[in-house]
Amino acid sequence: MSLFRKSRKGRATAALAAVGVLALVATACGSSKPASTASPTTTAAASATTTVAPGDCTSPAGATGPGTGATTIGFIYVGATTDFGYNEAAHAGEQVLKTACGNIKFLEASEIPETSDMVTVANQMIGEGAKIIFSTSYGYEPYALTLAKANPTVVFLQQGNLITPPVPPNMDTYFGDVWQTVYLGGIAAAKADTSGKLGFVAAFPIPQTIVNIDAFELGAQSVNPKITTTVVFTGAWCDPAMQAQATTSLLGQGVDVMTQHQDCTSTVIKTAEAGGAYSVGYHYDASQLAPMGWLTGSEWNWGPLYIALVKSILAGTFSGGPFDTNYTLGFTSTTIPSPLTLAPFGPSVKAATKTLITNTETKIKSGTFDPFTGPITDQAGTVRIPMGQTATADQLSAICYLVKGVIGTVPSCATS
């Protein structure tokens, strides 16, 4: 099965074993040399990169509260910042923040596992003066919570999940309703599909992942009600060997469009491209990896949100304010910059498909359409969202079922 030939013819990266090798990279924002090890072409590939004018970030006179007066900010990443995925998107946001805060020193550590190693790195950053720390991975949450309680003058910005209230006055947990763009990716997949079979390589069976699987299938069903999505869980945020094996297996089953919820995305995309299948991306614009098969994808634009977070902290308005809480952001937001965006379309996407997707995006943004409006049934045929009802944010944040049309099982369902 090779769609391209036919058309032409007619989180688990390597863990750092000891404290002594947990490297911190310190950079001054005003430096002309980028802190990232990403190549210039890789960095330029992110269409959602926000351009900001160089500036300074300081606390006004009299500002008090956790993080005020910060001159150093730390970023901790679970994977490589050149992963064409989750970590690279977050790192691109860090670069935007560096430009906006030219007077701030930045510390960063990558490939830090979701273990107590994260605590060691954070404490090292605090020892070097960090008063704001972005802990950017889902599994960092319990460690960030403990650290926040032990360091009341340091603000911890936990990305990727929610915590059980009350939220400490020096902590924030945030993410985006990325299932909205994943739904749009499902439309693109179904429009490109010829076999009625889509593939999804997922990481862990957590609500954040399951809601994306369901949204992708629902988006595809809006085009073809009989289409299926076969899901494989790898049990890791980034395991290229498992990703390649899962993708190859799915292609062997006749799948002709692949997508994923993985931190590092290149393996699935490259394997699909080599097999003549289409790709819908996740986290990052990785279109350069699939010049033939790229359709579109979900992409994070974290820079504006990072800037708003830091400025709120420095102004002394963080504690008790709109950021000192649990929240996820959809396409539109009145006071907090949304990080969601749809990646560019690939060359094979037809004009009519682009119009359909952009019109649907407009409806989601306007609130006239919600992908999780019933009737929606699970794999067993049980109605989970009745006719005319729309799932609440709380329901989606705890979702633990696969919708009808998804092939595969949830190994277990962790809700936190």
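Calculation rules
- Residues numbered from 1 in each chain as written.
- Predicted model: local features only at pLDDT ≥ 70, side-chain atom pairs only at ≥ 80, totals over all residues.
- Heavy atoms only, no water.
- Disulfide = S-S within 2.5 Å.
- Helix = DSSP H or I, 4+ residues; strand = E, 2+ residues; numbered from the N terminus.
- Core = buried A, V, L, I, M, F, W, Y, C linked by side-chain atoms within 4.5 Å.
- Buried < 20%, exposed > 50% of the residue type's maximum accessible area, 1.4 Å probe, protein only.
- Contact = heavy atoms within 4.5 Å.
- Phe/Tyr/Trp six-rings, centres within 6.5 Å; stacked < 30°, edge-to-face > 60°.
- Lys NZ or Arg CZ within 6 Å of the ring centre and 35° of its normal.
- Salt bridge = Lys/Arg side-chain N within 4 Å of Asp/Glu carboxyl O.
- pLDDT = per-residue confidence, 0-100.
- Pairing = 2+ DSSP bridges.
- Axes fitted to C-alpha atoms, helices over the stretch in contact; angles between N-to-C directions.
- Left-handed = near helix turned anticlockwise from the far one by under 90°.
- Nonpolar A, V, L, I, M, F, W, Y, C, P; charged D, E, K, R; others polar.
- Expected span 1.5 Å × (residues − 1).
- Parallel < 35°, antiparallel > 145°, perpendicular 65-115°, else oblique.
- Right-handed = clockwise from strand over helix to strand, strands pointing away.

## Some words on the state of the cysteines
Stage number 1. Counted by the stated rule, this structure contains 2 disulfides.
Stage number 2. Across the disulfide from C57 sits C101; the S-S distance is 2.0 Å. On the sign convention where negative is left-handed, the bridge of C57 and C101, at about -70 degrees about the S-S bond, is left-handed. One end of the pair, C57, is in the loop between α2 (40-44) and β2 (72-76); the other, C101, is in the loop between α3 (86-100) and β3 (105-109), with 44 residues separating them in the sequence.
Stage number 3. Covalent S-S linkage joins C238 and C264, the inter-sulfur distance amounting to 2.0 Å. Because the sign of the S-S torsion sets the handedness, a value of about 105 degrees for the bond joining C238 and C264 places this disulfide among the right-handed ones. In this pair, C238 sits in the loop between β8 (228-233) and α8 (240-252) while C264 sits in the loop between β9 (257-261) and α9 (266-274), placing the two residues 26 residues apart along the sequence.

## Focus: the nonpolar core
Stage number 1. Of all hydrophobic cores here, the largest spans 86 residues; its most connected members are L97, F134 and F372.
Stage number 2. Top element by residues in this core is helix α6 (residues 179-192). It accounts for 9 residues.
Stage number 3. With residues up to four places along the chain from it excluded, the contact list for F134 reads I73, G74, F75, I76, L97, L157, Y174, Y306, L309 and V310.
Stage number 4. Core analysis: the second largest hydrophobic core is formed by 21 residues, V78, L145, V154 and M171 among them.

## Re the packing of aromatic side chains
The description of two aromatic rings rests on the distance between their centres and on the angle between their planes.
Stage number 1. Counted by the stated rule, this structure contains 18 aromatic pairs.
Stage number 2. Joined through ring pairs, the aromatic side chains of F75, Y77, F106, F134, Y174, F175, W300, W302, Y306, F323 and Y327 make up one cluster.
Stage number 3. Sitting over the ring of F331, K365 keeps its end group 5.2 Å from the ring centre.

## Regarding unusual backbone geometry
Stage number 1. At the junction of P165 and P166, the peptide bond is cis and its omega measures out at 5 degrees in the coordinates.
Stage number 2. You can see P166 is positioned in the loop between β5 (155-159) and β6 (171-176).
Stage number 3. The amide bond that connects G374 to the next residue, P375, takes the cis arrangement and shows omega of 10 degrees.
Stage number 4. Along the chain, P375 falls in the loop between α11 (351-366) and β14 (376-377).
Stage number 5. Here the phi dihedral of E111 falls at roughly 55 degrees; this positive angle occurs in a residue that is not glycine.

## A word on the pattern of salt bridges
Stage number 1. Inspection of the entire model under this criterion finds 4 salt bridges.
Stage number 2. One salt bridge connects D378 with R384, and the closest N-O pair in it is separated by 2.8 Å.
Stage number 3. Note on R384: relative accessible area 42%, which makes it partly exposed.
Stage number 4. Look at the salt bridges and you will find they share partners, linking E94, K98 and E108 into a network.

## Brief notes about the confidence of the model for the protein
Stage number 1. Here the protein averages 88 in pLDDT, and 87% of its residues register 70 or above.
Stage number 2. Scored below 50 in pLDDT, residues 4-47 makes 94 contacts in the model with residues more than four places away or belonging to other chains.

## Things to note about the sheet that holds β9
Stage number 1. Spatially, 7 strands are ordered β13-β11-β10-β9-β7-β8-β16 in an open sheet, and the strand pairing comes out mixed. If you trace the sheet from one side to the other, it starts and ends with β13 (340-342) and β16 (406-407), each paired once.
Stage number 2. Bridge count for strand β11 (residues 294-300) against β13 is 3 bridges, and the pairing is antiparallel. Note on β13: the bridge partner recorded for W300 is L340.
Stage number 3. The strands touched by α8 within the sheet are β7 (197-202), β8 and β9, with β7 carrying the most contacts at an inclination of about 165 degrees.

## Things to note about the packing of α8 against α9
Stage number 1. The N-to-C vectors of α8 and α9 enclose an angle of 35 degrees; their axes lie 9 Å apart at closest approach. Regarding α8 and α9, the two cross each other, and that crossing is right-handed. Facing P240, Q243, A244, T247, T248 and L251 of α8, the residues of α9 in contact are T267, V268, T271 and A272.
Stage number 2. For the contact of α8 with α9, the residue count by class is 5 nonpolar, 5 polar and no charged.

## Digging into α6
Stage number 1. Given a rise of 1.5 Å per residue, 14 residues ought to cover 20 Å, and the 20 Å separating the end C-alpha atoms of α6 matches this to within 8%.
Stage number 2. The element α6 is extensively covered by neighbouring structure, given that 13 of its 14 residues are classed as buried.

## Overview of the environment of F216
Stage number 1. Within the secondary structure, F216 is located in helix α7 (residues 207-221).
Stage number 2. You can call F216 buried: its relative accessible area is 0%.
Stage number 3. Taking the C-alpha atoms as reference points, F216 and F200, separated by 16 residues in sequence, lie 8.9 Å from one another.
Stage number 4. Beyond its immediate chain neighbours, meaning those up to four positions away, F216 contacts V182, G185, G186, A189, L198, F200, T229, T259 and V280.

## Remarks on the packing of α6 against α7
Stage number 1. α7 packs onto α6 with a crossing angle of 40 degrees between their chain directions and a minimal axis gap of 7 Å. Comparing their axes, α7 and α6 come out oblique. Between α6 and α7 the crossing geometry is right-handed. Residues W179, V182, Y183, G185, G186, I187, A189 and A190 of α6 pack against V211, N212, A215, F216, L218, G219 and A220 of α7.
Stage number 2. For the contact of α6 with α7, the residue count by class is 11 nonpolar, 4 polar and no charged.

## Considering the pairing of β5
The side chains of a regular strand alternate, first on one face of the sheet and then on the other.
Stage number 1. The buried fraction of β5 is high, at 5 of 5 residues.
Stage number 2. Alignment of strand β4 (residues 132-135) against β5, held across 4 bridges, turns out to be parallel. For I133, the partnering residue across the bridge sits in β5 and is F156.
Stage number 3. In this fold, β4 hands off to helix α5 (residues 141-150), which returns the chain to β5; that crossover is right-handed.

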